[in-house]
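One letter stands for each residue in the lines below.
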Amino acid sequence: MKSDAKRSVLWSGIQNVANQGIHFIITVIIARLLTPEDYGLIAMLAIFFALAQAFIDSGLSGALIQKKNCSEKDYNSVFVFAVVVSMLLYVILFVCAPLIAKMYNNDLLIPLSRVYLFSLVINAIGIVPMTIMHKDLQFKQFAYITTVINLFSGFVAIIAASCGFAYWALVFQILITSTLTTIAYFIRTKWKPTFQFSFESFKGMISYGFPVMLTSIVHAIYNNIYSLVIGAKYNSKELGLYNRAYSFSSLVPSTFSNFTMRAMFPVLTKIQDDMEELKKKVLEMLHLSLYVVVPINVYLMFNCHDVIEIVLGEKWLDLVPYLSVLCVSCLSYIYTNIHMTTFKIIGKTKNLFVSETARKILGLATIALTVRYGVMAMVYGLLVYSIVDVIISSVFLNRCIGIGIKSQLKESITPVFFSVVSGVGCWLISTLISSLYIRFLICILIFAGLYAALSAMFKEQGMVFLKNYFK
């Protein structure tokens with residue numbers, strides 16, 4: 001089990017680091033060629049994509065992974081369901097494109113949505129072979145596939161943006177990635193659908209997947225409601241700025257948490273009956289995630305002005321106030337993602353749905369209270385909500401598996417304290433340096449040096465784990 005876990009996390013990590021590294025570099029290049037308005041147009045469609053994706057998956061990919069012995073009937077039932085539902089939803093969205101454009105008061109969204117949202121059908125076709133690769137822990141092969149394809153699609157997007165295609169460059173990138181990855185999944189797994197749908201098989205899996213689907217719908221609505229409200233009430237520029245700020249602040253928390261949880265999910269399902277061992281592993285993953293992620297977001301919070309000016313250019317500096325706050329808010333993702341994954345591992349998907357619903361209702365109330373005061377007020381509201389979000393999720397987790405707030409705070413103390421101390425030291429030195437690039441370089445070195453020194457001095461558990469892991 002340990003060997004499987006190490007290989008899974010390693011190759012899932014390589015895939016995500018490579019993909020996100022490539023994605024980040026490509027995003028930076030494209031962002032210098034495009035405007036906040038271009039990104040805002042794509043962000044306006046995010047809620048429709050996310051909701052449709054939740055219905056298409058319906059928690060069935062997780063059900064396949066969680067189920068110990070899957071038959072061809074299981075795989076084919078999920079495939080048929082996903083493809084049929086994706087086609088129906090695409091037709092509905094295609095017809096409703098003028099209504100979407102009217103809601104945002106932007107006719108550009110009519111052709112844009114009809115082309116962009118076709119990626120839903122493409123993704124649905126690849127759900128089963130992708131799930132088979134995850135279930136079989138083929139993360140090494142997954143890393144090769146996604147890295148090469150993302151590099152190619154990003155290169156195409158850069159050329160398109162350079163040629164003046166504006167927001168269409170982003171659509172080309174998405175469609176190329178979806179198409180090539182789906183083809184690659186089938187080639188790698190050699191799985192061939194027989195279009196055999198078994199109602200009995202589907203019924204068994206949907207009992208697990210339905211609460212997950214409802215949770216995903218609630219999650220999709222809440223995660224994209226900010227884009228919906230900002231795009232409808234304000235304009236595409238404000239939405240583009242918020243979208244990029246949220247994207248950068250959530251990049252490391254979501255990437256690291258997703259790859260560890262995706263890799264550990266099929267592994268931890270093997271010990272789902274050993275509650276004490278499972279609790280131990282969950283807390284270890286929480287601590288490791290915080291040890292890696294917190295310092296990066298804290299550094300970005302302290303030095304976001306210089307980072308944005310150097311990386312994206314002056315035209316994006318208006319996102320700095322949003323980014324400095326969101327860097328803290330997005331750390332909640334580490335906690336809640338681990339909580340949600342744990343619910344799935346132990347089969348408590350109803351608790352998952354109830355927890356997610358309660359938290360998101362509170363989140364929607366936060367939006368309703370802050371939307372009239374501007375985007376910055378909404379961002380501060382998101383910060384307050386993110387703290388309450390973790391508390392509510394932890395209450396449900398404690399009831400299911402016995403991991404409470406106190407245990408999680410214990411795992412959080414040293415990563416947070418070391419990061420804040422390093423951030424303050426970095427900020428104090430930065431006030432003495434006037435040159436932008438020299439200040440940027442010195443700040444990185446000081447922050448990293450202080451964090452490493454404190455970790456070594458106190459023999460921090462995260463550093464010890466990483467050293468032993470890579471030996």
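Here's a quick rundown of the structure. These figures come from a predicted structure and were not determined experimentally.

Together, Ile387, Ile391, Val395, Ile405 and Leu409 give the surface a local cluster of nonpolar side chains, amounting to about 420 Å² of exposed area. Mapped onto the nonpolar patch, the elements with two or more residues apiece are helix H19 (375–401) and helix H20 (405–430). It is H19 that provides the largest number of residues to the nonpolar patch, a total of three residues. Summarising the element assignment, Ile405 is placed in helix H20.

Looking now at the state of the cysteines. If you walk through the whole model with that rule in mind, you get zero disulfides. Cys304 takes part in no disulfide bond, and the closest cysteine sulfur, belonging to Cys327, lies 6.6 Å away. Distance from the sulfur of Cys426, which forms no disulfide, to the nearest cysteine sulfur (Cys443) is 3.5 Å.

Take the side chain of Asn337 next. Inspection of the secondary structure assignment puts Asn337 in helix H17 (residues 332–345). In this structure Asn337 touches Ser257, Asn258 and Met261, once residues within four positions along its chain are discounted.

Tallying each qualifying case throughout the model produces two salt bridges. Across the pair Glu284 and Lys281 runs a salt bridge whose closest N-O atoms are separated by 3.9 Å. Note that Glu284 and Lys281 are positioned in helix H14 (residues 275–302) at a spacing of three residues, about one turn of the helix. For Asp306, the salt bridge is made with Arg439, and the minimal N-O distance between the two is 2.7 Å. Taken as a pair, Asp306 in helix H15 (residues 304–311) and Arg439 in helix H21 (residues 436–457) lie far apart in primary sequence, 133 residues in all.

This brings us to the packing of aromatic side chains. Under the criterion given, the structure shown has 15 aromatic pairs. Among the aromatic side chains, those forming a connected cluster through ring pairs are Tyr291, Phe417, Phe418, Tyr451 and Phe458. Looking at Arg399, its charged tip hangs above the ring of Phe396, at a distance of 5.9 Å from the centre.

A few words now on the nonpolar core. Membership of the largest hydrophobic core comes to 124 residues, with the highest contact counts inside it found for Leu312 and Leu323. Broken down by element, this core gets its largest block of residues, twelve residues, from H14. With six residues, the next largest nonpolar core counts Met133, Phe142, Ile145 and Ala184 among its residues.

With that settled, consider the layout of surface pockets. The space that makes up the second largest pocket amounts to roughly 420 Å³. Residue lining of the second largest pocket: 21 residues in total, with Leu331, Ser332, Tyr335, Ile387 and Val390 positioned closest to the centre.

Before going further, it helps to spend a moment on the packing of H15 against H21. Relative orientation of the contacting elements H15 and H21 amounts to 120 degrees, with a least axis distance of 10 Å. The pairing of H15 with H21 is recorded here as oblique in orientation. H15 and H21 meet at a crossing whose hand is left-handed. Judged by residue contacts, Asp306, Val307, Glu309 and Ile310 of H15 engage Leu436, Tyr437, Arg439 and Phe440 from H21.

Let's shift gears to H15. The buried fraction of H15 is high, at six of eight residues. If you check which residues of H15 are buried, you get Cys304, Asp306, Val307, Ile308, Ile310 and Val311. Downstream of H15 by a residue or two, Gly313 has a phi angle that is positive, lying close to 105 degrees.

Before going further, it helps to examine the side chain of Asp389. Mapped onto the elements, Asp389 comes out in helix H19. When its relative accessible area of 3% is taken as the criterion, Asp389 is described as buried. In this structure Asp389 touches Thr336, Arg359 and Lys360, once residues within four positions along its chain are discounted.

Another point: unusual backbone geometry. The phi dihedral of Ala166 is positive, around 55 degrees, even though this residue is not glycine. If you trace the backbone, Ala166 turns up in the loop between helix H10 (139–162) and helix H11 (168–189). Judged by relative accessible area, Ala166 falls into the partly exposed class, the value being 21%. In this structure, Lys459 takes a positive phi of about 50 degrees despite not being glycine. Here Lys459 lies in the loop between H21 and helix H22 (461–469). Residue Lys459 is classed as exposed on the basis of its relative accessible area of 69%.

About the cut-offs
- Residues numbered from 1 in each chain as written.
- Predicted model: local features only at pLDDT ≥ 70, side-chain atom pairs only at ≥ 80, totals over all residues.
- Heavy atoms only, no water.
- Patch = residues over 30% accessible without salt bridge, like charges linked within 9 Å, V, L, I, M, F, W, Y side chains within 5 Å.
- Areas by Shrake-Rupley, 256 points an atom, 1.4 Å probe, with all protein chains shown as cover.
- Salt bridge = Lys/Arg side-chain N within 4 Å of Asp/Glu carboxyl O.
- Helix = DSSP H or I, 4+ residues; strand = E, 2+ residues; numbered from the N terminus.
- Disulfide = S-S within 2.5 Å.
- Contact = heavy atoms within 4.5 Å.
- Phe/Tyr/Trp six-rings, centres within 6.5 Å; stacked < 30°, edge-to-face > 60°.
- Lys NZ or Arg CZ within 6 Å of the ring centre and 35° of its normal.
- Core = buried A, V, L, I, M, F, W, Y, C linked by side-chain atoms within 4.5 Å.
- Buried < 20%, exposed > 50% of the residue type's maximum accessible area, 1.4 Å probe, protein only.
- 1 Å grid on protein atoms, 1.4 Å probe; cavity = no way out; pocket = protein on both sides within 12 Å on 5 of 7 lines; lining within 4 Å.
- Points joined across faces, edges and corners; volume = space filled by probe spheres on them.
- Axes fitted to C-alpha atoms, helices over the stretch in contact; angles between N-to-C directions.
- Parallel < 35°, antiparallel > 145°, perpendicular 65-115°, else oblique.
- Left-handed = near helix turned anticlockwise from the far one by under 90°.

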